Amino acid sequence: MKKTPAELRSARWFAPDDLRSFGHRSRMMQLGYAEEEFRDKPIIGILNTWSELNTCHAHFRERVQDVKRGVAQAGGFGVEMPSLSVDESFTKPTSMLYRNLLAMETEEMIRSHPLDGVVLMGGCDKTTPGLVMGAISAGIPMIYLPAGPMLRGNFAGKILGSGSDAWKYWDERRAGNVSDAEWLGVQGGIARSAGTCMTMGTASTMTAITDAMGLTLPGASSIPAVDSEHQRMSSTCGRRIVEMVWEDMTPDRIITANSCQNAAIVAMALGCSTNAVVHLIAIARRAGINLTLDDLDALGRTTPLLANVRPVGNDYLMEDFYYAGGLRALMAQLVDRLHTDCLTVTGQTLGENLSGATVYNADVIRPLENPVYREGSLAVLRGNLCPDGAVIKPAACDPKFHQHTGPALVFDSYPEMKAAIDDEDLDVTPDHVMVLRNAGPLGGPGFPEWGMLPMPKALIKQGYRDMLRISDARMSGTSYGACVLHVSPESYVGGPLALLRTGDLVKLDLANRTLDMLVTDAVLSKRRETLPPPEPRFERGYGYIFSKHVTQADKGCDFDFLETSFGRPIGEPDIF
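Note that the coordinates shown come from a computational prediction; the quantities given were computed from them, not determined experimentally.

A short note on the sheet that holds strand β1 (residues 43-48)
Here comes step 1: Pairing is parallel in the open sheet, where four strands are placed in the order β2-β1-β3-β4. Edge positions in the sheet fall to β2 (77-82) and β4 (142-146), since each has one partner strand and no second. If you compare each strand with its neighbour and ignore which way they point, the axes differ by 20 degrees on average.
Here comes step 2: Here β1 runs beside strand β3 (residues 117-122); their pairing, made up of five bridges, is parallel. Bridge pairing links L47 to L120 in β3.

Here it is in structure tokens:
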């Protein structure tokens, strides 16, 4: 049943004939609005994560006007609400440190203001989970507007992919194979427009996950940022959120165990970023759904990888993926594996949204019988190095490392590691297992993307470009290689990784999903007795809150007090 104007959430601020509502209406008039512009209309908050330093969202200053146009066309009243612009390029030590801050800000901004529904404008890696997590907790109608990928890169007649080619050319430069002029050309050609990374990195992974979960307009995640279709999609978001308010289409009607499973299956078929694990678990837990690493690994074993998009694929980027049919076309390939009865922001089911989806290039979006990789993007490992789990991206590394035993080369900090790998006399072989620890959620601090450990220069000069690497860090979704990540519990809190020594043998067995150090329990017990307590990373401020309340990687790295299971629900604010 459709809501009436008196039932709008914003009516609590503007409708009563009392002094407080008089003050609210007066202040709206102070802003230049006549009463007929906002009274009895859905007030739509447009949460905009634009900033002059956020390259992924450089076009959002214009897109917010497209959203407002759509809101007005549908009879609503749109208000822009500037939000924390957590960008991947410039936010240090890592944007992951601030994902939960954005989630807190989003939840409290929504709850404390007269908003009936929200359009969430994000795209750069942590903005998607941060906005969605906060909006789930706030509980009012919401629709996600993804920033979209940038145009493909270009240099000297070659197609460049975000992140992936930066790593590749950097290794070649360290080997002496790339000149200063070529390096400058790559620098200028790899990012040519507004938008997120155009490889299947974390940004494209997470916007696709929201799409598959039913939180965006169908296929919106695939549209390039500077395509005119992106403008039309933005205004449609504005129109649709007004309808969602009248329909009382709240997130709990859309985000279910089945829709989370849909999102996980689609992520695996895309060749998703390893960061999808952390963010999807956190989103699900905000919705009261206990999604686990084991659930994701089980789906990864049975879901073929269909998107031939770098860094897992060979030749194509997100622009090609869009022209090939985009996410709707890929999901249509998987339709028999998905819960097509899940409700979406359109008010229709996922199955209805996929009607008519077509693949236009079967090399970019592969059919089930010709996948890029027979299993999904990710695998979860366990063993005495990672009793609570670790993650690897099998399709993005040389298959010879799927079964590997080698001596550990252990570093306790990134500066220590960086100094060593640039030493051409470093005692290292291709069989060594490079290990970086103290880089997890607490140790990093903030769980930085240091996990694609650079190859030692000594090996690069011998022609090697991959080796087994292990850390309790994350890595960029644009990265590749035999990198084991998210080792849990992290070394900083005394996880087994803290007990590993240089020279210890480490064994990876991907088929059996195990990762172990070949050290006896007796030896490990003795080492634990002499393990020094960690130095605190923060002693004040937001970082102190983070240190006291962030969960480990296998739980999604949310703050414990923000999860749905913590405490009773928060009601509407008092207005007196």
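As for empty space enclosed by the protein
Here comes step 1: Under the criterion given, the structure shown has five cavities of 30 Å³ or more.
Here comes step 2: A volume near 70 Å³ is recorded for the largest cavity.
Here comes step 3: Around the largest cavity sit P5, L8, S10, A11, F14, A15, F38, R39, D40 and K41, which together line it.
Here comes step 4: When the residues that make up the lining of the largest cavity are grouped by side-chain class, the tally is six nonpolar, one polar and three charged.

Considering the sheet that holds strand β8 (residues 389-392)
Here comes step 1: Taken in spatial order, the eight strands line up as β7-β8-β12-β11-β10-β9-β13-β14 in an open sheet, and their pairing is mixed. Edge positions in the sheet fall to β7 (379-381) and β14 (514-517), since each has one partner strand and no second. The mean angle between the axes of side-by-side strands here comes to 30 degrees, regardless of whether they run parallel or antiparallel.
Here comes step 2: In this sheet, strand β13 (residues 505-509) lies alongside strand β9 (residues 403-411) in antiparallel orientation, the contact comprising five bridges.

Comments concerning helix α10 (residues 228-247)
Here comes step 1: Compared with an ideal rise of 1.5 Å per residue, which puts 20 residues at 28 Å, α10 spans 29 Å between its outermost C-alpha atoms and is within 8% of the ideal.
Here comes step 2: For α10, every residue scored as buried is listed here: H230, M233, S234, S235, C237, G238, R240, I241, V242, M244, V245 and W246.
Here comes step 3: On its buried side, α10 packs onto β1, α4 (60-73), β3 and β4.
Here comes step 4: Sitting at the head of α10, D227 places a side-chain oxygen 2.8 Å from the backbone nitrogen of E229.
Here comes step 5: With its phi angle positive at about 55 degrees, D248 sits one or two positions after the end of α10.

Quick word on the packing of helix α6 (residues 127-138) against helix α12 (residues 275-286)
Here comes step 1: Axis separation between α6 and α12 bottoms out at 9 Å; the angle between their running directions is 10 degrees. As summarised for this structure, α6 and α12 are arranged roughly parallel, according to the angle between their axes. Contact residues: α6 offers P129, V132, M133, G134, I136 and S137, while α12 offers H279, A282, I283 and R286.
Here comes step 2: Along the lines of polarity and charge, the residues of the contact of α6 with α12 split into six nonpolar, three polar and one charged.

Description of the layout of surface pockets
Here comes step 1: The space that makes up the largest pocket amounts to roughly 1,300 Å³.
Here comes step 2: In terms of lining residues, the largest pocket is bounded by 43 residues, among which E88, S89, G163, A166 and W167 are the most central.
Here comes step 3: Those elements that place two or more of their residues in the lining of the largest pocket are α7 (164-174), α8 (180-189), α9 (202-213) and α17 (414-421).
Here comes step 4: By residue number, the principal contributor to the lining of the largest pocket is α7, which donates four residues.
Here comes step 5: Classifying every residue of the lining of the largest pocket by side-chain character gives 21 nonpolar, 15 polar and seven charged.
Here comes step 6: Volume-wise, the second largest pocket comes out at about 480 Å³.
Here comes step 7: At three residues, the largest contribution of residues to the lining of the second largest pocket is made by helix α5 (residues 99-112).

Calculation criteria
Residues numbered from 1 in each chain as written. Predicted model: local features only at pLDDT ≥ 70, side-chain atom pairs only at ≥ 80, totals over all residues. Heavy atoms only, no water. Pairing = 2+ DSSP bridges. Helix = DSSP H or I, 4+ residues; strand = E, 2+ residues; numbered from the N terminus. Axes fitted to C-alpha atoms, helices over the stretch in contact; angles between N-to-C directions. 1 Å grid on protein atoms, 1.4 Å probe; cavity = no way out; pocket = protein on both sides within 12 Å on 5 of 7 lines; lining within 4 Å. Points joined across faces, edges and corners; volume = space filled by probe spheres on them. Nonpolar A, V, L, I, M, F, W, Y, C, P; charged D, E, K, R; others polar. Expected span 1.5 Å × (residues − 1). Buried < 20%, exposed > 50% of the residue type's maximum accessible area, 1.4 Å probe, protein only. Contact = heavy atoms within 4.5 Å. Polar contact = N/O pair within 3.5 Å; in protein donor to acceptor, adjacent residues only side chain to side chain. Parallel < 35°, antiparallel > 145°, perpendicular 65-115°, else oblique.

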